[in-house]
Amino acid sequence: MPPELSARAVGARELMDDPGADRRMLERTYERFRLVNAVVSRPELLYRRDIRPRARRGPISILDVGAGGGDLCRELSRRLRRDGLAASITALDADDRATTWAEGHDDGAGVRYRCAHTSDLVREGAVFDVVVSNHLLHHLTAAELSGLLEDTDWLAGDRGLVVHHDIARSRSAYVLFAAVTWPFAGNLLAGSFIRDDGLTSIRRSYTAEELSAVAPAGWAVRRGMPARLELRREPLDARP
């Protein structure tokens, strides 16, 4: 039976967030994120709807916050190069274990990997055309979430787009993820934190109503599939 999912399990902790997490399991988790995110995060939709149209108007700058192993950044770089479009991509993560691994597995994507916080970039006066995150919001405390949204709003300026993607918490999402990942627990996902942490992530995640309640004015929450949420802040000239 699924655990209680009527409220966020804010006290639950993902194994990979432990500073003492097994390094080999952590790195295998980064490696396997590419496969999992290709299915659940749908990077092709982000690229087709939000990245490519902007890049067609000229070179753009992209920031991925909480980039982990950097798989989203490398996928965006691959698609941009395939289409002959120019962009500078920065993968930002506060965990040096992630940025070290990601930099060592760039495979020629040309992504810039940086271990820092969004507040560091704000202090530096950095501005980006597109700011994204994937599966980051549910990791944060209420104060951290508020700070992230304030920082990313600043980093995108009036002309930039901010898109935070995350999981939508529900019983069906939990049951489906548990069922789909079970056959792979002994092979493809073995030696990683993906299955256990994925289930914890669902328990920690928001519903659309909960996320809308904490989103500042000017931000919009959209539902997507499979069991996805998008917290979005449009450029100033595109807002209603």
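Residues numbered from 1 in each chain as written. Predicted model: local features only at pLDDT ≥ 70, side-chain atom pairs only at ≥ 80, totals over all residues. Heavy atoms only, no water.

**Student:** Could you clarify how one ought to interpret the side chain of Ser201 in this entry?
**Tutor:** For Ser201, the position within the fold is in helix α8 (residues 194-204). Residue Ser201 is classed as buried on the basis of its relative accessible area of 7%. Residue contacts for Ser201: discarding those within four places in its chain leaves Glu14, His138 and Ile167. (Helix = DSSP H or I, 4+ residues; strand = E, 2+ residues; numbered from the N terminus. Buried < 20%, exposed > 50% of the residue type's maximum accessible area, 1.4 Å probe, protein only. Contact = heavy atoms within 4.5 Å.)

**Student:** What is the right way to read the packing of aromatic side chains from this model?
**Tutor:** The geometry of an aromatic ring pair comes down to the distance between the two centres and the angle between the two planes. Using the criterion set out here, one finds one aromatic pair in the structure. Pairing Tyr30 with Trp101 gives two aromatic rings, centres 5.7 Å apart and planes at 45°, and the pair type is tilted. Taken together, the residues Tyr30 in helix α1 (residues 23-40) and Trp101 in helix α4 (residues 96-104) connect sequence positions 71 residues apart. For the pair Tyr30 and Trp101, a shared accessibility class is recorded, and that class is buried. Across from the ring centre of Tyr206, 4.0 Å away, lies the NZ or CZ of Arg8, which sits over that ring. (Phe/Tyr/Trp six-rings, centres within 6.5 Å; stacked < 30°, edge-to-face > 60°. Lys NZ or Arg CZ within 6 Å of the ring centre and 35° of its normal.)

**Student:** Before we go on, may I ask you to explain the pairing of strand β2 (residues 87-93) in this structure?
**Tutor:** In regular strands, side chains alternate between the two faces of the sheet. Extensive coverage of β2 is indicated by the burial of five of its seven residues. When strand β1 (residues 60-65) meets β2, the two strands line up parallel, connected through six bridges. Following the sheet pairing, Ser61 is matched in β2 by Ser88. Bridge count between β2 and strand β3 (residues 112-115): four bridges; the pairing is parallel. (Pairing = 2+ DSSP bridges.)

**Student:** What is the right way to look at the nonpolar core in this model?
**Tutor:** Across soluble globular proteins, you tend to see nonpolar side chains buried next to one another. Formed by 29 residues in total, the largest nonpolar core has its most connected members in Ile51, Ile62, Leu76, Leu80, Ile89 and Val111. Every element with two or more residues in this core is listed here: α1, α2 (43-55), β1, α3 (71-82), β2, α4, β4 (130-134) and β5 (161-167). When neighbours within four sequence positions are excluded, Leu80 is seen to be in contact with Tyr47, Ile51, Ala55, Ile62, Leu85, Ala87 and Ile89. If you look at the next biggest cluster of nonpolar residues, it comprises 25 residues, including Leu155, Tyr206, Leu211 and Leu231. (Core = buried A, V, L, I, M, F, W, Y, C linked by side-chain atoms within 4.5 Å.)

**Student:** Whenever I open this one, the environment of Arg223 confuses me. Can you help?
**Tutor:** Its place among the elements puts Arg223 in strand β6 (residues 220-224). Along the chain, Arg223 and His117 lie 106 residues apart, while their C-alpha atoms are 27 Å from each other. Beyond its immediate chain neighbours, meaning those up to four positions away, Arg223 contacts Ala208, Glu209, Arg228 and Leu229.

**Student:** Please clarify how α4 should be interpreted in this entry.
**Tutor:** In an α-helix, one full turn covers 3.6 residues, which means residues spaced three or four apart are oriented alike. Those residues of α4 not exposed but buried are Arg97, Ala98, Thr99, Trp101 and Ala102. Looking at the buried side of α4, the elements it contacts are α1, α3, β2 and β3.

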